[in-house]
Amino acid sequence: MSEHDGTPPPLPPRQPYPPEQQGEGCLTGLMVLAGLVLMFPSACVILVFGQQLKSSDWTSPIGLIFLGAAAAGLALFVLALRRWR
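Residues numbered from 1 in each chain as written. Predicted model: local features only at pLDDT ≥ 70, side-chain atom pairs only at ≥ 80, totals over all residues. Heavy atoms only, no water.

Visitor: Help me understand the overall build of the protein chain, please; the structure alone is not making it clear to me.
Guide: Counting secondary structure elements, the protein chain contains three helices and zero strands. Starting at the N terminus and ending at the C terminus, the protein chain contains elements arranged as α-α-α. By the burial criterion, 9% of the 85 residues in the protein chain qualify as buried. The contacts of the protein chain with a sequence gap of at least 6 include a subset with a gap of at least 24, amounting to 83%. Total accessible area on the protein chain stands at roughly 7,700 Å², and carbon and sulfur atoms take up 68% of it. (Helix = DSSP H or I, 4+ residues; strand = E, 2+ residues; numbered from the N terminus. Buried < 20%, exposed > 50% of the residue type's maximum accessible area, 1.4 Å probe, protein only. Contact = heavy atoms within 4.5 Å. Areas by Shrake-Rupley, 256 points an atom, 1.4 Å probe, with all protein chains shown as cover.)

The following block contains the structure:
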């Protein structure tokens, strides 16, 4: 029979935390570049023709394409910055 003095057995040593995943700099850079490229045409249209645009121009198919490209570019830009942090 073994003697038991009432103390719990020792705990195993703690495992270190796994290293944090770092974002890949090349992919982040490409996402920023693609986001800027997608936003560029819409920004040019707004800056050059901003005073001449009517509300019906934004709802035409070409206007919606420009707005969609700008939204996609902005989303890529935000995702790239979130990855970078």
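Visitor: Help me out: how do you make sense of the environment of Leu38 in this one?
Guide: Summarising the element assignment, Leu38 is placed in helix α1 (residues 25-49). Sequence-wise, Leu38 and Ala70 are 32 residues apart; in three dimensions their C-alpha atoms are separated by 5.7 Å. Filtering out sequence-adjacent residues up to four positions away, Leu38 remains in contact with Ala69, Ala70, Ala72, Gly73 and Leu76.

Visitor: Even after reading the chapter, I still don't get the confidence of the model for the protein chain, so can you show me in this structure?
Guide: Fine structural detail should not be taken from predicted coordinates in areas where pLDDT scores are low. The predicted model of the protein chain averages 81 in pLDDT, with 84% of residues at 70 or higher. Within the protein chain, helix α3 (residues 61-84) carries the highest mean pLDDT (87), whereas helix α2 (residues 55-58) carries the lowest (82). (pLDDT = per-residue confidence, 0-100.)

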